[in-house]
Amino acid sequence: MLKTKDKVLSILKEIQGDFISGQDIAEKIFVTRAAVWKAIKALKDEGYDIDAVTNRGYRLRYVPDLIDERKIQDILQNCGIDLKVFHYDQVLSTNDTALKIVKENNSSALVIAETQTNGRGRRGREFYSPESTGLYMSISFCTDKSILYYRNITAMAASATALAIDDVVFDGADTTKIKWVNDIFIDQSKVAGILTECYGALEDEYNYIVIGIGINVYAPKKDFPKELKNIAGAVFSRGKSKDGDIRNQIGISIVKYLCSFLKNEKSLNMKCLDTYKKKSFLIGNYVKINSFNGNHTYAYVDGISDEYELLVTYDDGSKGIFNSGEVSVVKY
Ligand code: BTN
């Protein structure tokens, strides 16, 4: 049974930006004008931008982009994806929450939070997670396969994220770039990052995998902190946004792509790898490569291997392959 608020909202959406009087709404759904007014107030409190103009009535200007746990759950279930969806206002890190849930319930989970107080990036860095402007999500599952089997999962998640943003926000146009190994860029700005964490040992019977994805969907209300300003960007840059339901759609699309890539079917594996190669941000650039042991080196990037490794040529002409590390483009 729909609430008055939901009925009012669906009428406002139906007339797509036109005005409708309180009386007309009341008659359509058989309630009093006072009940319509109360419903409009509740919708405004939720973030819907509704004009109320004397003698003209009400007009919906803006639909907020709210996470709908139930809708995500239903759509994924209809696609045969068995993930339990959890939506929180605030967590320390969705990766931590997703790990806790999969360990306790032994079932796969998708955790989404409006904000994280301890969002983590790679190499122990903080991931800035301002309230409601981003999509902060983690997928966790338990597996009896070796962690080695999932060695390319961060790259796969990067392909899934890049494709999802292209599909949902840019109507499928090839817009996002992937910076090996886990960053998603639009133009020269980083709009998303991925942090995969694996728990278990090679010889363990069960391992837990947590794939955390953080996307700056909208520009943060107070802008990015000073240290991120030069690098971070939002999928919708300031002032530009599509109305409503973007974060749900991106989340659903990422999960669908990732699950298809994890099926280990040849054509899907190829799509994932091709996407990763085609979208590579680094090919043709001279880069600095920081290894995790603290060393660094410089080289030209030739390409990406079929194992998602970075293929490079050093200044002396010799060739190299990297399967981990962090890269920055050297600007002359
Ligand atoms: C990076 O850019 O270095 C990776 C960033 C990963 C951020 C996401 S947000 C959701 C999940 N929870 C976290 O604490 N981190 C990941």
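Residue positions are counted from 1 within each chain, in the order its sequence is given. Totals for whole chains, interfaces and linings use all residues, but because this is a predicted model, local features are given only for residues with pLDDT of at least 70 and pairs of side-chain atoms are given and counted only at 80 or more. To obtain the side-chain values, all non-hydrogen atoms of the structure were used and water was disregarded.

A. Here's a closer look at the site of the ligand. The criterion for a residue being near a molecule or strand is simple. One of its heavy atoms has to lie within 4 Å of it. Taken together, 20 residues sit near the ligand, with Ser93, Gln116, Arg120, Arg122 and Lys190 positioned nearest. For the purposes of these results, a polar contact is taken to be a pair of N or O atoms within 3.5 Å, where, inside protein, one atom must be able to donate a hydrogen and its partner to accept one; residues adjacent in sequence count only when each atom of the pair is a side-chain atom. Contact distances for the ligand include 2.8 Å between an oxygen atom and a side-chain N or O atom of Ser93. Thr94 places a polar side-chain atom, nitrogen or oxygen, 3.1 Å from a nitrogen atom of the ligand. When atoms are counted within 2 Å of each cavity's grid points, the one that captures over half of the ligand is the largest pocket. Breaking the shell around the ligand down by element, the ones donating at least two residues are helix H5 (94-105), strand E5 (134-143), strand E8 (189-199) and strand E9 (207-216). The residue makeup of the shell around the ligand, split by class, is five nonpolar, 11 polar and four charged. Throughout, the protein atoms alone are placed on a 1 Å grid, and a set of points is a cavity if a 1.4 Å probe fits but cannot get out or a pocket if it is open with protein on both sides within 12 Å along at least five of seven lines; lining residues have an atom within 4 Å of a point. Molecules are considered to sit inside a cavity or pocket once more than half of their atoms lie within 2 Å of its grid points. In this description a helix means any DSSP run of H or I spanning at least four residues, a strand means any run of E spanning at least two, and both kinds are numbered starting from the N terminus. For this classification, Asp, Glu, Lys and Arg are treated as charged, while Ala, Val, Leu, Ile, Met, Phe, Trp, Tyr, Cys and Pro are nonpolar and the rest, including Gly, are polar.

B. The packing of aromatic side chains, seen in detail. When the centres of two rings from Phe, Tyr and Trp lie within 6.5 Å, Trp using its six-membered ring, the rings pair. Their planes under 30 degrees apart give stacked, over 60 give edge-to-face, and anything left gives tilted. Evaluation of the coordinates by the stated rule reveals 10 aromatic pairs. Relative to Tyr150, the ring of Tyr149 lies with its centre 5.0 Å away and its plane at 80 degrees, an arrangement referred to as edge-to-face. Judged by centre distance (6.2 Å) and plane angle (20 degrees), the ring pair of Tyr286 and Tyr298 falls under stacked. With Tyr286 in strand E10 (residues 286-290) and Tyr298 in strand E11 (residues 296-304), the pair connects residues that are 12 residues apart, well separated along the chain. By relative accessible area, which is 13% here, Tyr286 ends up buried. Clustering of aromatic rings is evident, with ring pairs tying together Phe141, Tyr149 and Tyr150. Directly above the aromatic system of Phe86 lies the positively charged group of Lys84, at a separation of 5.2 Å from the ring centroid. Distance and angle both matter: a charge sits over a ring if NZ of Lys or CZ of Arg is within 6 Å of the ring centre and within 35 degrees of the ring normal. Here the basic side chain of Lys103 rests over the ring of Tyr199, its NZ or CZ set 6.0 Å away from the ring centre. A simple rule labels every residue: compare its accessible area, found with a 1.4 Å probe on the protein chains alone, to the largest value its type can have, and call it buried under 20%, exposed over 50%, or partly exposed in between.

C. Structural view of the sheet that holds strand E7 (residues 183-186). We treat two strands as partners when DSSP finds at least two bridges between them. Spatially, seven strands are ordered E3-E4-E5-E9-E8-E7-E6 in an open sheet, and the strand pairing comes out mixed. A strand with exactly one partner marks an edge of an open sheet, and here the two such strands are strand E3 (84-91) and strand E6 (177-179). In this sheet, adjacent strand axes meet at a mean angle of 20 degrees when their direction is disregarded. Angles run from 0 to 180 degrees between N-to-C directions of axes, and those axes are lines fitted to C-alpha atoms, restricted for helices to the stretch in contact.

D. Up close: the sheet that holds strand E14 (residues 326-329). Read from one edge to the other, the open sheet built from five strands follows the order E13-E12-E11-E10-E14, with strand pairing classed as antiparallel. Strands with a single pairing partner mark the edges of an open sheet, and in this sheet they are strand E13 (319-322) and E14. Averaged over all pairs of adjacent strands, the angle between their axes in this sheet comes to 45 degrees, without regard to strand direction. As defined by bridge partners, E10 adjoins E11 across five bridges and the pair is classed as antiparallel. Across the sheet, the residue bridging to Asn290 is His296, located in E11.

E. Representation of the side chain of Asn95 in the model. Checked against the element boundaries, Asn95 lands in helix H5. A distance of 3.3 Å separates the side chain of Asn95 from the backbone oxygen of Leu195, its partner in a polar contact. Sequence-distant contacts of Asn95, that is, excluding residues within four places in its chain, are made with Arg120, Ser138, Leu195, Glu197, Val210, Ile211 and Gly212. Residue contacts are defined here by distance: any two heavy atoms, one from each residue, within 4.5 Å place the two residues in contact.

F. Region of the structure containing the environment of Gln188. Here Gln188 shows up in the loop between E7 and E8. Judged by its relative accessible area of 55%, Gln188 is exposed. Once residues within four sequence positions are removed from consideration, Gln188 is found in contact with Ile231 and Phe281.

G. Representation of the pattern of salt bridges within the structure. Should a side-chain nitrogen of Lys or Arg be within 4 Å of a carboxyl oxygen of Asp or Glu, the pair is scored as a salt bridge. For the structure shown, the criterion picks out 20 salt bridges. For Glu326, the salt bridge is made with Arg123, and the minimal N-O distance between the two is 3.6 Å. On the criterion of sequence distance, the pair formed by Glu326 in strand E14 and Arg123 in the loop between strand E4 (109-116) and E5 is long-range, its members being 203 residues apart. For Glu326, a relative accessible area of 16% translates into the label buried.

H. Spotlight on the layout of surface pockets. Roughly 1,000 Å³ of volume is contained in the largest pocket. As for the largest pocket, its lining consists of 45 residues, of which Arg125, Asp183, Lys190, Leu228 and Ile231 are closest to the centre. Only H5, E5, E7, E8, E9 and E14 provide two or more residues apiece to the lining of the largest pocket. A total of six residues in the lining of the largest pocket trace back to one element, the largest contributor, which is E8. Grid points are joined across faces, edges and corners, and a volume is the space filled by probe spheres set on the points.

I. A look at the packing of helix H1 (residues 4-14) against helix H3 (residues 33-45). In the contact formed by H1 and H3, the axes pass within 9 Å of each other and the chain directions differ by 80 degrees. If you check the angle between H1 and H3, you find them roughly perpendicular. Facing Thr4, Lys5, Val8, Leu9 and Leu12 of H1, the residues of H3 in contact are Ala35, Ala39, Ile40, Ala42 and Leu43. Classifying every residue of the contact of H1 with H3 by side-chain character gives eight nonpolar, one polar and one charged. For classification, angles of less than 35 degrees are called roughly parallel, those exceeding 145 degrees roughly antiparallel, those between 65 and 115 degrees roughly perpendicular, and all remaining angles oblique.

J. Summary view of the packing of helix H4 (residues 69-78) against helix H7 (residues 246-262). Where H4 meets H7, the closest approach of the two axes is 10 Å, and the angle between their N-to-C directions is 30 degrees. The angle between H4 and H7 falls in the class roughly parallel. Of the two elements, H4 crosses H7, and the hand of that crossing is right-handed. The segment H4 lies against H7, with Ile72, Ile75 and Leu76 engaging Asn248, Ile252, Val255 and Lys256. Here the contact of H4 with H7 is built from residues that sort into five nonpolar, one polar and one charged. Helix crossings are classified by the rotation of the near helix relative to the far one: an anticlockwise turn of less than a right angle makes the crossing left-handed, while a clockwise turn makes it right-handed.

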